[in-house]
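Here are the chains, one letter per residue:
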Amino acid sequence: MDIRRRNNVTVTGRAEGPVLVLAHGFGCDQNMWRLIVPALAEDYRVVLFDYVGSGGADASAWDERRYSSLEGYALDVLEVCEELDLRDVTFVGHSVSAMVGVLAAAQAPQRISRLVMVAPSPRYIDDADYRGGFSAEDIEELLESLESNYLGWSAAMAPAIMGNADRPELGQELTNSFCATDPDMARVFARTTFLSDSRDDLKTVEVPTLILDCTQDVIAPREVGAYVHAVIPGSRLVTLEATGHCPHLSAPQATAEAITEFLGAA
C-alpha cells in the first residue's frame, strides 16, 4: 500500500532539519496546522498527514475495526514514520492525537523522541477525583446527537469547541472541516475519542514532553492540562493566552513560539 497517498502525506520545511510530525484531532485535517507551519518550517522538516477517514486520506483504506481504537490511529502514525524512515521525531498532537502520540512513542521509541501535546485530554468523562469536563450522560448525549444528525451537530458544536465568539470565521472553519468528514467515519472516530481513557498510558511516557493548554477550553479544561503535567515526570506545562480548543488556529504565533522554545531547550 502507498502510505504517502493513503495518508495524504505532505513534507515541507528545511530538508535536513529536525523532524516535526503534526497530527490533527477529531473532525480536522492537516490544513488546521497551516498558520503555524511557516514559522516551524524555517528551521524544521515538517511532516503533515491525514488519518484515514479524515481530510484527503484515501477513504478506501478505511477499516472500522482498526479505527475503533486509538491504537489504529497510532498505527497510521508509525506507518508514516516507517515509510519516510523518520527518527528522532518530535510528535505534535492536537487534542485526541496527543494520546495517539503517547501510544506511538511507547511502541516506537527509536522513532519518536519528544512529544508536544496541544489541548490534550486523556479522558473526557469525569471520574472520582478526576475532572475531564463531562459527565457520562453528557458524552452519551453528545454522541447520540452526532449520530442522529451529524451536520446539525457540527454546525452547533464546532463554534463552541473553537471558542472565540468574536471571531466567527474560526468557528465556521471548524464547522466546514467537520462537515467535510464522512459521517459514518466521524461517528467511529468520535466514539473512539470521547470514550477513551488513556490515563494509564500517560504513565509510560519517558520522553521530553510539552503540554499546551488554553486559558479557556470547553473540551479540555485547565484541570486536565494540570493532570497530564502531574502524571508525566519532567513534563513542561505552558498555558497559552488563548481561548478555545484550537490554539494553533486562534493563537498561531503563541503556539509556534511555545513549540520552538521547548525544542530549543529540550
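The notes below deal with the structure included here. None of these values were measured; they are calculated from a predicted model. (Residues numbered from 1 in each chain as written. Predicted model: local features only at pLDDT ≥ 70, side-chain atom pairs only at ≥ 80, totals over all residues. Heavy atoms only, no water.)

## Re the pattern of salt bridges
- Applying the stated criterion across every chain yields a total of 19 salt bridges.
- When the shortest N-O distance is used, the salt bridge between arginine 66 and glutamate 79 registers 3.2 Å. Separated by 13 residues along the polypeptide, arginine 66 in the loop between strand 3 (45-48) and helix 3 (70-83) and glutamate 79 in helix 3 bring together distant segments of the chain.
- With a relative accessible area of 18%, glutamate 79 lands in the buried category.
- It is possible to trace a salt-bridge network through shared partners that takes in Arg6, Arg66, Asp76 and Glu79. (Salt bridge = Lys/Arg side-chain N within 4 Å of Asp/Glu carboxyl O. Helix = DSSP H or I, 4+ residues; strand = E, 2+ residues; numbered from the N terminus. Buried < 20%, exposed > 50% of the residue type's maximum accessible area, 1.4 Å probe, protein only.)

## Concerning the packing of aromatic side chains
- For the structure shown, the criterion picks out 14 aromatic pairs.
- With centroids separated by 6.2 Å and ring planes inclined at 80°, the aromatic side chains of tyrosine 51 and phenylalanine 189 adopt a geometry described as edge-to-face. You can see tyrosine 51 sitting in the loop between strand 3 and helix 3 and its partner phenylalanine 189 sitting in helix 8 (residues 183-194), a full 138 residues away along the chain.
- Given the relative accessible area of 0%, tyrosine 51 is considered buried.
- Since its relative accessible area comes to 5%, phenylalanine 189 is described here as buried.
- Here the aromatic rings of tyrosine 150 and tryptophan 153 are separated by 6.1 Å at their centres, their planes lie at 20°, and the arrangement is stacked. Here the residue tyrosine 150 and the residue tryptophan 153 both occupy positions in helix 6 (residues 150-162), the gap between them amounting to three residues, near one helical turn. (Phe/Tyr/Trp six-rings, centres within 6.5 Å; stacked < 30°, edge-to-face > 60°.)

## Description of the environment of asparagine 7
- One can find asparagine 7 in the loop between helix 1 (3-6) and strand 1 (10-13).
- Separated by 237 residues in the primary sequence, asparagine 7 and glycine 244 place their C-alpha atoms 27 Å from one another.
- Apart from residues no more than four positions distant in its own chain, asparagine 7 is found in contact with Gln30, Phe49, Asp50, Tyr51, Val52, Ala57, Asp76 and Val80.
- Only 3.0 Å separates the side chain of asparagine 7 from the side chain of aspartate 76, close enough to count as a polar contact. (Contact = heavy atoms within 4.5 Å. Polar contact = N/O pair within 3.5 Å; in protein donor to acceptor, adjacent residues only side chain to side chain.)

## Here we look at unusual backbone geometry
- The phi dihedral of serine 95 is positive, around 60°, even though this residue is not glycine.
- Here alanine 119, not a glycine, exhibits a phi torsion of approximately 50°, which is positive.
- Mapped onto the secondary structure, alanine 119 falls in the loop between strand 5 (112-118) and helix 5 (136-148).

## A few points about helix 8
- Along its twelve residues, helix 8 runs 16 Å from first to last C-alpha, staying within 8% of the 16 Å computed at 1.5 Å per residue.
- Met185, Ala186, Val188, Phe189, Ala190, Thr192, Thr193 and Phe194 are the residues of helix 8 that are buried.
- Structurally, helix 8 contributes buried residues whose contacts are with helix 3, helix 4 (96-107), helix 5 and helix 6. (Expected span 1.5 Å × (residues − 1).)

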